[in-house]
Amino acid sequence: MRADMSSSKYQRIWDVVAEIPYGRVASYGQIARIAGLGGQARQVGYALHSTPDGLDLPWHRVINAQGRISFPKGSPSYRRQRELLEAEGIEFSNGRLDLTAYRWQPGDAELPKEYLEAEQNARKFSPRR
DNA sequence: CATATGACCTATG
DNA sequence: TCATAGGCCATAT
């Protein structure tokens, strides 16, 4: 929807984030891999930070690989993100949520099979470009 | 151009 | 569980 921002390098990242469904979460590294930026999890954080106004992304559904919110605990951003997630039925326990329970997996049909396996093994970066 | 920093990740001890 | 180290790369100074 929103044309003309296809010029941004972060377009693919935004596209992926936009697909995370209600009540589900994804990690930065996961987003990076799906967007074809294996190993560049940091860029996902940057992409979200520089999200243009008007682009209504479910940014709160992106958390780190430890199942924790990546903002400093107690910061306004931390609280906002946690509220949004809890409002979607996601429960926290000791500042952490259960990734095995809430992690989003893109539709099996549209995903290369090696992705799911990679998620299981998930111990190596995808080849870049 | 050289460093430092960051909404990160994995491996290892 | 925590700490350290190495990797990735766009931005800031």
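Every value quoted in this text rests on a predicted model; they were computed, and no experiment measured them. (Residues numbered from 1 in each chain as written. Chains lettered and ligands numbered in written order. Predicted model: local features only at pLDDT ≥ 70, side-chain atom pairs only at ≥ 80, totals over all residues. Heavy atoms only, no water.)

Overview of the environment of Ile-90
Of note, Ile-90 is situated in the loop between helix H4 (76–87) and helix H5 (99–102). Accessibility expressed as a relative area gives 2% for Ile-90, which makes it buried. Not counting chain neighbours up to four residues away, the residues in contact with Ile-90 comprise Gly-23, Arg-24, Val-25, Leu-85, Leu-97 and Tyr-102. (Helix = DSSP H or I, 4+ residues; strand = E, 2+ residues; numbered from the N terminus. Buried < 20%, exposed > 50% of the residue type's maximum accessible area, 1.4 Å probe, protein only. Contact = heavy atoms within 4.5 Å.)

Section: the nonpolar core
Ranked by internal contacts, the top residues of the largest apolar core, which has 17 residues, are Ile-13, Val-17, Ile-20, Ile-31, Val-44, Leu-48 and Val-62. When contributions to this core are tallied by element, the ones reaching two or more residues are helix H1 (11–18), helix H2 (28–34) and helix H3 (41–49). Here this core gets four residues from one element, more than from any other, and that element is H1. Sequence-distant contacts of Leu-48, that is, excluding residues within four places in its chain, are made with Trp-14, Val-17, Tyr-28, Leu-57, Trp-59 and Val-62. (Core = buried A, V, L, I, M, F, W, Y, C linked by side-chain atoms within 4.5 Å.)

Concerning the protein's contact with DNA strand C
Of all residues adjacent to DNA strand C, which total nine residues, the nearest are Lys-9, Tyr-10, Gln-40, Gln-43 and Arg-96. Near the protein, meaning within 4 Å, the atoms of DNA strand C are sugar or phosphate in a fraction of 68%, with bases accounting for the rest. Residue Lys-9 places a side-chain N or O atom 3.3 Å away from a phosphate oxygen belonging to DNA strand C. In the model, a sugar or linking oxygen of DNA strand C is placed 2.9 Å from a nitrogen or oxygen of the Gln-43 side chain. Along the lines of polarity and charge, the residues of the surface near DNA strand C split into two nonpolar, three polar and four charged. (Near = heavy atom within 4 Å. Polar contact = N/O pair within 3.5 Å; in protein donor to acceptor, adjacent residues only side chain to side chain. Nonpolar A, V, L, I, M, F, W, Y, C, P; charged D, E, K, R; others polar.)

Let's talk about the confidence of the model for chain A
Residues of chain A with pLDDT of at least 70 account for 78%, and the chain-wide mean is 83. pLDDT under 50 marks residues 1–5. Its contacts with residues more than four places away, or in other chains, come to five contacts. Overall, residues 108–129 carries pLDDT values under 50, and its contacts beyond four positions in sequence, including any with other chains, amount to 18 contacts. (pLDDT = per-residue confidence, 0-100.)

As for the packing of aromatic side chains
Geometrically, a pair of aromatic rings is defined through the distance of the ring centres and the angle of the planes. Taken as a whole and judged by the stated rule, the model has one aromatic pair. Both rings, one in Tyr-10 and one in Trp-14, keep their centres 6.2 Å apart while their planes meet at 65°; by these two values the pair is edge-to-face. Just as Tyr-10 is buried, Trp-14 falls in that class too. (Phe/Tyr/Trp six-rings, centres within 6.5 Å; stacked < 30°, edge-to-face > 60°.)

Observations concerning H1
Those residues of H1 that sit buried are Ile-13, Trp-14, Val-16 and Val-17. The arc that holds every buried residue of H1, seen down its axis, measures 160°, which confines them to one face. Along its buried surface, H1 packs onto H2, H3 and strand E2 (62–63). (Arc of directions from axis to C-beta.)

Let's talk about the pattern of salt bridges
Inspection of every chain in the model, using the stated rule, returns two salt bridges. In this structure, Glu-88 engages Arg-61 in a salt bridge whose closest nitrogen and oxygen atoms are separated by 2.8 Å. Remark: Arg-61 occurs in the loop between H3 and E2 and Glu-88 occurs in the loop between H4 and H5; sequence separation between them is 27 residues. A residue is classified by how much of its surface remains accessible, and Arg-61, at 11% relative accessible area, is buried. Measuring nitrogen to oxygen at the nearest pair gives 3.0 Å for the salt bridge that ties Glu-86 to Arg-82. With Glu-86 and Arg-82 both in helix H4, this residue pair falls four residues apart, about one helical turn. Residue Glu-86 is classed as partly exposed on the basis of its relative accessible area of 37%. (Salt bridge = Lys/Arg side-chain N within 4 Å of Asp/Glu carboxyl O.)

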